Amino acid sequence: MIRVPLILAACSYGVGTVSGLYYLLGRAERRSFAPTAGLVGAIFQFTFLVWLGVALRDFPSADRVGALELFALSLAVIYVALEQRMKFKALGAFALPVILALTLAGLFLESRAPVPATEHELLVIVHAVCALAGCGGFAFAALAAVAYLVQDRQLRLKLLTRLLERMASLDELDRLIRRATALGFLAFTISLIAGSILAASLSRPIFGNWVVAWSILVWVLYAVVLHLRLNASLRGRRVAYLTIGGFTLAAALFVCLLFVQDNLHKLAGG
Amino acid sequence: MRIAVVGINHRTASVELREKLAIPEHELPDCLRTVCVDPEIAESALLVTCNRVELYAAIREGVDAFGKLSVVLARIRSLDIGSVSPSLYLHTDAEAVAHLFRVASGLDSMVLGETEVLGQVRHAYEMARSAGTTGRFLNALFQHALNAAKRVHTETAISRGRASVGSVAVEFACRVFGSLSERTALVIGAGEAASLTLESALEAGVRKVIVANRTVARAQELAEPHGGEAISLSELEAHLHRADIVISSTSAPHFILSPSQLEQALRRRRREPILVLDIAVPRDVDPAVAELDGVYLYDIDDLQAVVAETLRRREQEVPACEAIIEQEVLAFLAEVRSYDAGELISALNRSVEEIRRAELEWLLPKLTSVSEEDRKRIEQMAERLTRKILHSPIEVLRQHAAEDSHPSFFETVKRLFRI
């Protein structure tokens with residue numbers, strides 16, 4: 001019963017995905033329903049998370065399904081907000097398939113018994129939410145990077161195709177990559193700091209832990225990308241490839257945390 | 001009443017003749033009123049564009065349309081009819097209607113599917129209306145034409161895509177930079193092709209212009225009207241990094257821009273992309289430049305290929321456009337027939353009403369012993385009688401107006417009732 005809103009969210013995202021792809025690739029001049037479907041899906045997903053939180057009597061990220069759905073919801077919210085602000089009406093064709101896949105994964109994933117709350121619950125929530133927001137930012141940067149590479153390829157084919165016309169300009173995509181990476185990096189940094197304080201307060205060693213090492217690797221990679229962008233003028237396809245590479249690392253870390261419990265993250269129920 | 005059009009366009013007349021026949025806008029109202037002084041021309045409108053001069057008119061039945069309108073058109077510009085006549089074309093009735101619908105839809109334009117002519121047709125109609133030379137027929141004709149063109153543009157892809165080299169170049173620039181308002185265009189060479197492409201870029205919002213030419217004076221001529229900056233070709237390398245869009249069109253027999261120059265410019269502009277439009281033949285830009293990350297190079301063949309593709313796609317839309325025009329022509333003709341039928345019905349009613357009144361005037365004075373009430377009954381009976389007699393013919397007339405009946409039907413009815 002609790003998963004009914006999640007099924008409805010998946011259906012909305014499914015409709016949005018089809019509409020977004022049809023808008024991007026179809027021949028006919030049709031309006032895309034992807035933003036509306038994304039908004040409706042987000043509302044259902046939020047309902048599910050509230051329901052889950054009440055059932056767990058904890059923040060939804062305490063459960064791995066909750067964490068996954070919270071991540072999908074953060075992407076959906078960013079997508080709807082961006083769709084309103086940007087002229088990039090085909091963004092749904094890139095974002096909604098990913099959001100749909102995450103939502104569906106949550107439907108088929110088994111819940112884990114949540115770990116009892118600690119006295120540092122607020123710090124746990126800050127750590128989890130910022131980690132998810134950071135991954136959300138990196139995900140959007142990667143989606144924009146994929147769109148950038150598609151647009152770059154279209155421009156090099158030298159044809160004014162429908163696909164080319166419906167995509168955002170390279171300049172807009174580049175700005176989206178930069179902002180999403182910067183925001184993701186900021187959130188990820190806060191998450192790492194909160195996690196370190198949490199580990200210290202619980203007297204848990206953080207050195208030698210594979211999740212910590214992996215997280216630092218992701219953080220360093222994005223720090224290098226941002227530094228190169230700001231100081232060494234790294235732009236274009238190279239930035240796009242690096243952004244996609246960085247997100248692959250971050251996503252792999254997130255997926256591993258959903259299935260493998262290391263010593264540190266047992267306390268967060270992950 | 002018949003609708004006719006006589007005129008010349010880019011297919012039938014040279015640009016010299018089109019220039020001679022073109023009427024300045026401020027003279028149009030007077031010209032239109034002069035045309036309508038002729039008692040055989042009831043309504044008129046003049047469509048004057050750079051590619052055509054056409055006189056649309058509603059003329060009386062039986063008038064030699066070509067003879068009448070061609071003379072009128074030549075006389076407006078004081079031209080010898082013999083010099084104009086071979087280039088003139090005439091369309092009458094349904095053909096004239098379909099012609100205007102095609103013109104308004106851009107199907108008769110030099111660039112198939114262009115939308116500028118729609119505004120020109122609207123303007124021609126407004127000029128004629130404000131000059132008071134349009135009536136029921138031309139008002140309906142132009143309104144239907146505007147409606148037909150609107151349908152053609154919205155229901156088909158006839159106006160989709162870019163159909164000029166300049167507009168294609170601007171579209172590529174927009175796909176790279178989004179808004180062009182903060183962008184700088186560097187024009188290398190001050191020839192006509194570069195100037196035309198620059199015009200398109202300026203229309204799309206480019207604000208800053210740098211013109212590089214072998215002779216700085218010529219560069220200044222092109223740059224100054226746009227508040228731009230003129231430099232010599234030897235300074236090109238020093239200014240290249242400032243340009244977001246490079247338009248190159250020199251007659252140099254060798255490459256003006258090399259990959260190393262652009263690589264250096266990219267470094268100086270912190271790898272911000274550069275769009276290079278090489279519209280020179282032979283080319284000014286080394287094709288190897290396209291390999292650089294951040295450089296988007298388009299030569300004249302690339303741009304013309306897009307234009308050709310757009311026009312090919314538009315050609316494919318022509319049958320769909322013609323189908324819409326056919327529907328709209330039929331709708332217009334039905335409306336015109338309903339005017340004819342309406343006029344005929346009114347005339348028929350008037351004719352029978354006169355007979356009724358005459359008969360009552362003959363009868364009533366003779367009926368001295370009849371009461372006032374009975375007189376009224378007799379008048380009512382006469383009225384009911386005429387109404388019932390006319391009911392069936394009027395129904396048939398309305399039916400024929402709605403259908404595509406032969407025009408001679410109305411003539412037969414007129415003769416039958418001596419109208």
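These numbers come from a predicted model, not from an experiment.

Engineer: Would you take a moment to explain the domain arrangement of chain A for this structure?
Structural biologist: Accessible area lost upon the coming together of the parts is a frequently used measure of interface size. All names here are of chain A. As assigned here, chain A comprises domain 1 (1-114) and domain 2 (121-270). The interface of domain 1 with domain 2 comprises 32 residues on the first partner and 30 residues on the second. When domain 1 packs against domain 2, the two sides together hide about 2,600 Å² of surface, and 71% of this comes from carbon and sulfur. In this structure, the connection of domain 1 to domain 2 is made through 0 salt bridges. Connecting domain 1 to domain 2 are 1 residue pair in polar contact (both at pLDDT 80 or more). Of all the elements, helix H3 (residues 64-85) adds the most residues to the side of domain 1 that touches domain 2, at 10 residues.

Engineer: Help me out: how do you make sense of the nonpolar core in this one?
Structural biologist: Nonpolar side chains tend toward joint burial in soluble globular proteins. Of all hydrophobic cores here, the largest spans 105 residues; its most connected members are Tyr-79, Phe-88, Ile-99 and Phe-140 of chain A together with Phe-172, Ile-245 and Leu-275 of chain B. In terms of residue count, the dominant contributor to this core is helix H5 (residues 121-157) of chain A (14 residues). A domain split of this core shows at least three residues from each of domain 1 (1-114) and domain 2 (121-270) of chain A. For Phe-88 of chain A, the residues in contact, after removing those within four places along its chain, are Glu-83, Phe-94, Ala-147, Arg-166, Met-167, Ala-168 and Leu-173 of chain A. One finds Tyr-56, Ile-59, Ala-65 and Met-127 of chain B within the second-largest nonpolar core, a separate group that totals 67 residues.

Engineer: What am I meant to see in the sheet that holds strand S3 (residues 52-59) of chain B here?
Structural biologist: Residue and element names in this part refer to chain B. In space, the 4 strands of this open sheet follow the order S2-S3-S1-S4, with antiparallel pairing throughout. At either end of the open sheet lies a strand with only one pairing partner, and these are strand S2 (41-48) and strand S4 (89-92). Strand-to-strand twist of the sheet, defined as the mean angle between neighbouring strand axes without regard to direction, takes the value 15°. In the sheet, strand S1 (residues 2-9) pairs with S3 via 8 bridges, with the strands oriented antiparallel. Along S3, the bridge assignment pairs Gly-7 with Glu-54.

Engineer: Got a minute to help me understand helix H7 (residues 136-155) of chain B in this structure?
Structural biologist: Residues and elements named next belong to chain B. The terminal C-alpha atoms of H7 lie 28 Å apart, and with 20 residues this matches the ideal 28 Å at 1.5 Å per residue to within 8%. For H7, the complete set of buried residues consists of Phe-137, Leu-138, Ala-140, Leu-141, Phe-142, His-144, Ala-145, Leu-146, Ala-148, Ala-149, Val-152 and His-153. Buried residues in H7 make contact with S1, S2, S3, helix H5 (93-105), helix H6 (116-131) and helix H13 (300-363).

Engineer: Help me out: how do you make sense of the interface of chain A and chain B in this one?
Structural biologist: Opposite the 26 residues of chain A that make contact, chain B presents 26 residues. Both sides of the chain A and chain B interface together cover about 2,100 Å² of buried area, and 46% of this is carbon and sulfur. When the buried area of chain A at its contact with chain B is split by residue, Lys-158, Leu-160 and Arg-235 of chain A rank highest and sum to 31% of it. Viewed at the interface, chain B and chain A are joined by 4 salt bridges. Between Asp-293 of chain B and Arg-237 of chain A there is a salt bridge, with the nearest N and O atoms lying 3.1 Å from each other. Where chain A touches chain B, the interface holds 16 residue pairs in polar contact (both at pLDDT 80 or more).

Engineer: It is not clear to me how the packing of helix H8 (residues 165-177) of chain B against helix H9 (residues 192-203) of chain B should be interpreted in this structure. Could you clarify?
Structural biologist: Angle between the axes and distance between the axes: these two values describe a pair of packed helices. Residues and elements named next belong to chain B. Where H8 contacts H9, the axes come no closer than 9 Å and their chain directions differ by 50°. It follows that H8 is oblique to H9 by the angle criterion. H9 is crossed by H8, and the crossing has right-handed handedness. Across the interface between the two elements, Gly-166, Ser-167, Ala-169 and Val-170 from H8 touch Thr-197, Ser-200 and Ala-201 from H9. Residue composition of the contact of H8 with H9, grouped by class: 3 nonpolar, 4 polar and no charged.

Engineer: Help me understand a nonpolar patch on the surface, please; the structure alone is not making it clear to me.
Structural biologist: A surface patch of nonpolar side chains, amounting to about 410 Å² of accessible area, comprises Met-1, Val-4, Leu-8 and Trp-51 of chain A. Looking at where Trp-51 of chain A falls in the secondary structure, it is placed in helix H2 (residues 34-56).

Engineer: Explanation requested: the environment of Arg-175 of chain B in the structure shown.
Structural biologist: Assignment of secondary structure puts Arg-175 of chain B in helix H8. The class for Arg-175 of chain B is buried, based on a relative accessible area of 15%. What Arg-175 of chain B contacts, discounting residues up to four positions off in sequence, is Gln-151, Leu-155, Leu-164, Glu-165, Met-167, Ala-168, Ser-169 and Leu-170 of chain A.

Conventions used here
- Residues numbered from 1 in each chain as written.
- Chains lettered and ligands numbered in written order.
- Predicted model: local features only at pLDDT ≥ 70, side-chain atom pairs only at ≥ 80, totals over all residues.
- Heavy atoms only, no water.
- Domains from an automatic or database assignment.
- Contact = heavy atoms within 4.5 Å.
- Buried area = accessible area lost by both parts, 1.4 Å probe.
- Salt bridge = Lys/Arg side-chain N within 4 Å of Asp/Glu carboxyl O.
- Polar contact = N/O pair within 3.5 Å; in protein donor to acceptor, adjacent residues only side chain to side chain.
- Helix = DSSP H or I, 4+ residues; strand = E, 2+ residues; numbered from the N terminus.
- Core = buried A, V, L, I, M, F, W, Y, C linked by side-chain atoms within 4.5 Å.
- Buried < 20%, exposed > 50% of the residue type's maximum accessible area, 1.4 Å probe, protein only.
- Pairing = 2+ DSSP bridges.
- Axes fitted to C-alpha atoms, helices over the stretch in contact; angles between N-to-C directions.
- Expected span 1.5 Å × (residues − 1).
- Parallel < 35°, antiparallel > 145°, perpendicular 65-115°, else oblique.
- Left-handed = near helix turned anticlockwise from the far one by under 90°.
- Nonpolar A, V, L, I, M, F, W, Y, C, P; charged D, E, K, R; others polar.
- Patch = residues over 30% accessible without salt bridge, like charges linked within 9 Å, V, L, I, M, F, W, Y side chains within 5 Å.
- Areas by Shrake-Rupley, 256 points an atom, 1.4 Å probe, with all protein chains shown as cover.

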